[in-house]
Amino acid sequence: MLRTALRNILAHKARLMMTALAVVLGTAFVSGTLIFSDTVGAAYRNAMSKNFKDVAVSVHSMSPRDADADADADSAGPGDGRRDSALTDPLADRIRALPGVASVRPSLSGEAVVVGKDNQPLGREWGNRAVNYVADRDGKDSRYPLKEGRAPASAGEIALDAKSAQRGGYALGDTVRFATDGPALTKKLVGVVGTDDPQVTSGSSLALLDTATAQKLFLHPGQYDELVVTAKPGTDNQALTEQVRRLLPKDRAEATSGTELAAQEARFITENTSSLTKMLLTFAGTALFVGVFLIANTFTMLIAQRSREIALMRAVGASRRQVVRSVLAEAGLLGLASSAVGFALGMGIALGLRPLLNATGAGFPDGPLVLSPSAVLAALGVGVLVTVLAAWLPSRKAARIAPIEALSTVEAPPALRSLVLRNTLGAVVTALGVAVMLYVSTQKDSGALTMAMAGGALTLIGVIILAPLLSRPLVALAGKVTTRLFGVTGKLAKENALRNPRRTAATASALMIGLALITGMTVGGHSVQRATDELVAKDLKADYKVTSSHYDGIDPQLSKKAAQVPGVEAVAPLRHVGVKTTGDRFLSLTGTDLAQLPKVTDVRFDSGSLDAVRGNGIAVSRTKAKELGLKPGSTLEAEFFSGKAKQQKLTVTGIYQDNQIVRDALGAASLVDPHKKPFKDDAVLVKAADGTSAGLGKQIRDALGNSPLLKVQDRDALRNADAGAINTMLNMMYGLLGMAVVIAVLGVVNTLAMSVFERTREIGMLRAIGLARTGIKQMVRLESVVISLFGAVLGIGVGIFLAWAGGSMTATSLPTYEMILPWDRLGLFLLIALIVGVLAAVWPARRAARLNMLESISAQ
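Here, residues in each chain are numbered from 1, in the same order as that chain's written sequence. Predicted model: local features are reported for residues with pLDDT of at least 70 only, side-chain atom pairs are reported and counted for 80 or more only, and whole-chain, interface and lining totals are derived from all residues. The basis for every side-chain value is the complete set of heavy atoms in the structure, and neither hydrogens nor water enter the calculation.

Draft legend 1. The arrangement of the sheet that holds strand β3 (residues 101–107) in detail. For two strands to count as paired, DSSP must find a minimum of two bridges between them. Helix and strand definitions follow DSSP, with helices as H or I runs of at least four residues and strands as E runs of at least two, each counted in order from the N terminus. Taken in spatial order, the 4 strands of this open sheet run β3-β13-β1-β14, and their pairing is antiparallel. For this open sheet the edge positions go to β3 and β14 (253–257), each flanked by a neighbour on one side alone. Between one strand axis and the next, the sheet turns by 20° as a mean value, whatever way the strands run. Alignment of β3 against strand β13 (residues 226–231), held across 6 bridges, turns out to be antiparallel. Residue pairing in the sheet places P106 in a bridge with L227 of β13. Here a residue-residue contact requires only that any non-hydrogen atoms of the pair lie within 4.5 Å. Here an angle of 0 to 180 degrees is reported between the N-to-C directions of two axes, which are lines fitted to C-alpha atoms, with helices fitted over the stretch in contact. Against the sheet, helix α4 (residues 89–96) engages β1 (57–61), β3 and β13, with an angle of about 160° to β3. Along the sheet face, helix α8 (residues 237–247) touches β1, β3, β13 and β14 and points at about 175° away from the line of β14.

Next comes the structure, spelled out in structure tokens:
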């Protein structure tokens, strides 16, 4: 029977080509994802192992937590962005004096944005740093080997990593502009370094300064963020760690052994890659699931075409079990060969994924391609398993062929009972999925996400099961159009599509799955974008919003400078603090200049007024008030996270409609400022005087020192930023789901090609009674179009339903959300389905038209 299976593959290799290609694409996605995950993990481990080489103990500074520390923070005053650290030179000297310590390397770092010669920030919006250059005994910093020039040695000098220097167009001797926590600074480039730091190799910028300059910018003289301890040979690192801990000030610093650091980094690597790997495998699973329909369709049609051959095998003694094993062996061999090719293709996918994802800001480090045995076995195993499982039902159908059927080539129609059972099961599953999604539609936040995913899956599966039943009215409706437009060939196309509802449903379902997911995300993304636009138009009256590019706040003095720019009518700084209330619930309290607030945002009160918000009085948003059971006059026992007098009693003086600018609650600046550590503005809203907004953004930026840290965005820029993020996400989803759509197209081609083979005699008879070759081509093309449009209509309909039900979960974060159908994109999807139908029929239609009339009539 194994030889029979091998012979069948070789005899029908052309008919199995599309099936093999579907398995190739699915396993390529799986293997590419696994190889990519192993490659990125190895790159992280390699980089971390170099960074932690010879590290026995690492001592880190901790944030101050006691009252004295808060007092120290208060004394820093507004605008002082420097941190305070307990790691000092005297502490480093005491650690050096411990037995077993070979060296102590003090280091510090902070956020820094470097701009190129085109005045555009280098690197991504996060992870850009400046560090101090610490020379070892040989006068070099082993972390950052010099490639050109020398190390920075004075306040006016800087070094850059090689990639940043190249991106910025800098050469030795050039003046480099950068910023850390205020106006732009300039320094002379004296060196270019290399590094294995994964953040830098994946796109962030790195600047190096001398220690005194770095301390002046980020800490205070004589302070550090980290002390890296190297041990002498034979030293017990764990015991050394305990000795170091005894020297540290309580609650101000912590020591971690090199072994613990390695374990922490291993967990970091796993967490950093597992979510993306799971997401990619989900899309790979979708592609393979779509491939199941193609595989099952192929083997069902092959078995129907080989019914006489199988009956003869049964007549000469082959048992039912042997027939099943023969079909499954054929599927297994096909899956194994296809999976091997898919794995090779997956290596190319893995190579392309990293630069593709890094282009969206993912930040994966460089490294060689890693091929692990587990990835090889998983890819081959998945391909074989999916192919065998898809062929299992067709194999059982083959086993039921009786020996007497060797005398007949007529395929028996499916039993009515099986259709009834299928339709009943489909109705139950669909009803269950719809019920779950209707429940999800009543939820107002993402807490029901898991249930929504389960409901969506049930709905899709139910519609797939019901597809043969749904195909009759939908295909008949399409058939009326094709008959009216194309006459006899249109009617024949409709009858051919309805001849075997299971086959039509399986072919269309493969296309439906991809289009349902794409439609759901498109409708959801479009609706979210529209809601965001409405939110900006509804809540924001300001013309400009000033924020920090690395999201750690901006100097409060800058809002005063912005207010002095000619043409500026109002300026309102926003400062957000977290507050813990009764029952361990939390709210975000926004403090601002209440006199300026109505000019930059529209706060609409349901009860109370803005004038009543003063002292310890706060106004609360409608949603948060409902959640906490608050009304005007209610009191809150509030616990602030920092500052003096952390425990305070707050009085609710008003309830306002949800507003994304002031979030959960609104208070006076005098209430919020003592608890804002460090004391910085989270954003500054600027309102232009009538008729002066054009060109005002540049004037504001210039007045604020033209710092590369600052983002000065007008209303259009704010809307485009949100739209850009949504479009990037949608484009990525389109690319990932595109594989499933490609496999579905292959299914249409394969079904039509094998259907033409089945109907060879029928096509010959049509030719004999006068149907021209062009008519044969048109008939096959129209059949393909009808099947494709059937799948598209089902997919778009299910996708719209899922988007409607799931959209309610955004109600809390986007109160203006309303499902909006992007008719242009939906029309494009239908047009694509139409084109798919036409293109998929090119080869089968050409093959059908070229059949010899007499040979076709006499075919057995």
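Draft legend 2. Up close: the packing of aromatic side chains. Pairing of aromatic side chains requires ring centres within 6.5 Å, counting the rings of Phe and Tyr and the six-membered ring of Trp. Pairs whose planes differ by under 30 degrees are stacked, by over 60 edge-to-face, and all others tilted. Under the definition given, this model contains 2 aromatic pairs. Judged by centre distance (6.0 Å) and plane angle (65°), the rings of F605 and Y656 are edge-to-face. One end of the pair, F605, is in strand β18 (residues 605–608); the other, Y656, is in strand β21 (residues 647–656), with 51 residues separating them in the sequence. The buried label goes to any residue with under 20% of its type's maximum accessible area, the exposed label to any with over 50%, and the partly exposed label to all in between, with areas taken from a 1.4 Å probe on protein chains only. A relative accessible area of 22% means that F605 is categorised as partly exposed.

Draft legend 3. Structural view of the pattern of salt bridges. Any Lys or Arg side-chain nitrogen found within 4 Å of a carboxyl oxygen on Asp or Glu counts as a salt bridge. Taken as a whole and judged by the stated rule, the model has 18 salt bridges. R252 is paired through a salt bridge with D84; the nearest N and O atoms lie 2.9 Å apart. Separated by 168 residues along the polypeptide, R252 in the loop between α8 and β14 and D84 in the loop between α3 (67–76) and β2 (87–88) bring together distant segments of the chain. When its relative accessible area of 18% is taken as the criterion, R252 is described as buried. Among the ionic pairs, R245 bridges to E260, the shortest N-O distance being 3.4 Å. Of this pair, R245 sits in helix α8 while E260 is found in helix α9 (residues 258–305), placing the two residues 15 residues apart along the sequence. Taking relative accessible area as the criterion, R245 reaches 29% and is therefore assigned partly exposed. Taken together, the salt bridges that share partners define one network made up of E242, R245 and E260.

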